[in-house]
Amino acid sequence: MLIKNMPDVPNGFDVITNSHDGLNFDGITRCFKNGGLFITEQVGATNNYSLSSFLTDNYIPAHPENVMVNVISKLVERGFQILKSNSFYPKIWFYDVGAFVYYAKIISWEFPDFSVLKYQS
């Protein structure tokens with residue numbers, strides 16, 4: 001559900017879900033039924049921080065403000081009650097160079113200006 005493009009909803013939604021999309025807090029509040037449930041899964045600014053900073057000198061996350069404490073604060077400011085929150089930083093394993101190259105290319109915001117030639121010995 002892309003909340004930022006939704007019109008006003010007269011009675012609101014009972015449940016709104018969001019997975020890995022940017023959060024439009026005003027849009028969520030506008031489309032939400034009082035007492036409803038908002039469920040989101042986000043990838044924060046520090047998701048691959050150690051790997052990104054290993055590859056990129058002076059690495060700064062693309063959205064450094066996107067951390068759980070800030071998201072929770074914005075939701076609480078809008079009247080949401082947080083029932084559960086959790087962070088998870090799994091270890092990532094690459095079994096060949098091609099898998100890593102693909103990974104680094106598709107999430108360019110975590111590996112800015114990544115190219116094989118840049119890291120070729």
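Residues numbered from 1 in each chain as written. Predicted model: local features only at pLDDT ≥ 70, side-chain atom pairs only at ≥ 80, totals over all residues. Heavy atoms only, no water.

A. View of the side chain of asparagine 48. For asparagine 48, the location among the structural elements is in the loop between β2 (32–41) and α2 (49–55). Judged by its relative accessible area of 5%, asparagine 48 is buried. Within the structure, asparagine 48 has its side chain in polar contact with the side chain of glutamate 110 (distance 2.4 Å). Not counting the four nearest positions on each side in its chain, asparagine 48 is found in contact with Ile92, Tyr103, Ile107, Glu110 and Phe111. (Helix = DSSP H or I, 4+ residues; strand = E, 2+ residues; numbered from the N terminus. Buried < 20%, exposed > 50% of the residue type's maximum accessible area, 1.4 Å probe, protein only. Polar contact = N/O pair within 3.5 Å; in protein donor to acceptor, adjacent residues only side chain to side chain. Contact = heavy atoms within 4.5 Å.)

B. How the structure looks around the environment of phenylalanine 25. By secondary structure assignment, the location of phenylalanine 25 is in helix α1 (residues 25–30). The buried category is assigned to phenylalanine 25, whose relative accessible area is 11%. C-alpha separation for the pair phenylalanine 25 and valine 97, spaced 72 residues apart in sequence, amounts to 39 Å. What phenylalanine 25 contacts, discounting residues up to four positions off in sequence, is Val71, Lys74, Leu75 and Arg78.

Any functional reading would require information beyond the geometric quantities listed.
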